[in-house]
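# Structural overview
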Amino acid sequence: MGAYDETYHRSLEDVEGFWLDAAAAIDWTRPPTRALDDSRAPLVRWFPDGELNTSYNALDRHVENGHGDRTALIYDSPVTGAVRRFSYAELRDEVALFAGALRSLGVAKGDRVIVYMPMVPEAVIAMLACARIGAVHSVVFGGFAPKELAARIEDAEPAVIVAASCGIEPTRVVEYQPIVEAALGLTTHQPDQVVILQRDRARARLGGRYVDWADLVARAEPAGPVPVAATDPLYVLYTSGTTGRPKGVVRDNGGHAVALAWSMAAIYDIGPGDVWWTASDVGWVVGHSYIVYAPLLIGATTVLYEGKPVGTPDAGAFWRVISDHGVKALFTAPTALRAIKRLDSRAAEPKKYDLSSFRTLFLAGERLDPETYHWAHRHLGTPVIDHWWQTETGWAIAANLHGLEPMPVKPGSATVPVPGWDVRVLDPGGTELPAGQEGVIAIRLPLPPGALPTLWGDDQRFIEAYLSQYEGYYLTGDSGYRDADGYLFVMGRTDDVINVAGHRLSTGAMEAVLAAHPAVAECAVIGVHDELKGQLPRGFVVLKAGAEISGEDLREELIAAVRRDIGPVAAFRAVSVVEALPKTRSGKILRKTMRGIADGRDEPVPSTIEDPSVLDALRPVLRPE
Ligand code: COA
Ligand code: AMP
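Here is what the cut-offs are and how they apply
- Residues numbered from 1 in each chain as written.
- Chains lettered and ligands numbered in written order.
- Predicted model: local features only at pLDDT ≥ 70, side-chain atom pairs only at ≥ 80, totals over all residues.
- Heavy atoms only, no water.
- UniProt positions renumbered as here; feature names shortened; annotations may be inferred.
- Helix = DSSP H or I, 4+ residues; strand = E, 2+ residues; numbered from the N terminus.
- Pairing = 2+ DSSP bridges.
- Axes fitted to C-alpha atoms, helices over the stretch in contact; angles between N-to-C directions.

To continue, consider the UniProt feature "domain: Acetyl-coenzyme A synthetase N-terminal" (unreviewed entry) in the chain. Per the UniProt entry, the sites bearing "domain: Acetyl-coenzyme A synthetase N-terminal" (unreviewed entry) are residues 4-58 in this numbering. Counting secondary structure, residues 4-58 comes out at 44% helix and 20% strand; the distance between its end C-alpha atoms is 27 Å.

Before going further, it helps to examine the sheet that holds strand β26 (residues 488-493). Reading across from one edge, β23-β24-β25-β26 is the order of the 4 strands in this open sheet, with antiparallel pairing throughout. Here the strands that pair on one side only, and so sit at the sheet edges, are β23 (422-426) and β26. Put simply, the sheet's adjacent strands are angled 50° from each other on average, direction ignored. Both strand β24 (residues 439-444) and strand β25 (residues 473-482) contribute to a ladder of 5 bridges, which runs antiparallel. When the sheet's bridge partners are listed, I443 is paired in β25 with Y474.

With an omega dihedral of 10°, the bond running from A41 to P42 counts as a cis peptide bond. Tracing the backbone shows P42 in the loop between β1 (36-40) and β2 (43-46). With an omega of 5°, the peptide bond between L445 and P446 qualifies as cis. With respect to the element layout, P446 can be found in the loop between β24 and α14 (459-467). Positive phi is not limited to glycine here, since A501 has a value of about 55°. Topologically, A501 is positioned in the loop between β27 (497-500) and β28 (503-506).

Here it is, written out as structure tokens:
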């Protein structure tokens, strides 16, 4: 048996032993004596009697172990021209001060803090400062509109919001204060204070509930790490589900720290002192886990990059960062590589830089198309490792475990289940399918440490959304199959979630925006294949009888409405006015069939279709010749 087989089997057969051993990599104020608590199954808790502080594990312990001078974080910002380095001692001090500042505002253990910030070191400092005092952070991605921010404020009920005055996009400066102000105009919950980090490109008006980060920190006393229960929440991260209401994915402290520390060595082959770069955003789970927590938990150096893969300043931006900072491994989304490939298809740029430190490229967030895989592999000369996971899981469900036992790569496959994850492929009735047959991908309970224990304040929704379809399983929402060697191929979502440039969005939420327009009788939004972004949303609307608006005006209004209500990140730019939408006899819109036709697949027409001529009329709109 190889190292992978042995570890995988032990993780499922000796759950207690496996995870208690892994827990030894973390410093506990009270070490756990048990790993799994399933007394409230299907809800489970990890390390129920353990107590720790995540910020202490990410910062102080490395300083105390003599590594205070080691670089913890490199901030590289081509959009502002800044490069700043923080040693572990410096980052700990900044975090302790901001933790004290939060406390001076009355933030206490268990309180929520919304962090609405671009990719600046202060975003990381704010997250770790919350962890330090046992407050629960909820980071909101900057590309969301006020309404989305408002939904998160209403659900999380934060004591304080921490924001910056602006974010910097290639074509514009995004002022955050008007977005926060508009969001607070929509919520009944009203936090007393909004801390603003002033940035030169656009400054916010201070006064009233808006307080200055720098002033606050200048007056603050540093705060030490507060021990919390392993099962206490570290953060809530909202993610798109099938409806317009985002789901508040909860992450605990203990299971999260143990799982992430384990993953850095076993999956990514990264250890203390290695330079690690995740090119994502702190607003997404990949940013939480692999920009902030995992690299710092193990004492590595993490790169925080504020910019795009291309155009900052050119298609060589990624290779410049790798070369400047001696990056050993890069983790990003396939869409970032496709953006680079589009401008530099012959890969002239990587050759201009010294990439001798660079060992591995890890990709996740969306399906890695074989063409992008081959391009990267051919031109970078490093292994290119696809791995599959979700906001809910917090770390990889399937991967090629580079530290444990690298395996041959099969393009299109995320390789094998990661230890701890009992992955099964089921038919609609819940029976396990043999190799080669595609079905829904489900995970046998319990989910390992690091995975969500519940949704914020809503155990019932968690059970209904994920644990109820097949008894004893967590439903991933993805479909796929395993081949005869056990390799897992993830093919796509079975629900209304789409993936646009690695950003997870809900077509259901977009439909709700379209349906609210007074001229729209009914609508559908589907995700269609896009060369660069993987998928793009496309809307189809049927006008109400007697609606007096031109198709062109309606299209413009609907596109503006999605941008206003969901945000620019939705990238909603295509909407067609059609005569009718194809439906089943029971009135369900045939979105899957529409998607298949739009993507050029030979999609069978369901026998339940009400009127095949509606679909025939739509074909040329879905897929123009
Ligand atoms: N704040 C405000 N606006 C944002 C934003 C942010 N943090 N991020 C994106 N936007 C805006 C963009 O400015 C753009 O606005 P526009 O319509 O006015 O041009 C819109 O949202 C769409 O953005 P995006 O989909 O990112 O497209 P892009 O053309 O700006 O960049 C890529 C395309 C592929 C380069 C970029 O999406 C990328 O780097 N993706 C990687 C994603 C990733 O890391 N995912 C995490 C999972 S690993
Ligand atoms: P998110 O919660 O934003 O991380 O998005 C999770 C979803 O992205 C998954 O459910 C998949 O649909 C998709 N996804 C992520 N990584 C991969 C991958 N490596 N291959 C295929 N799909 C992926």
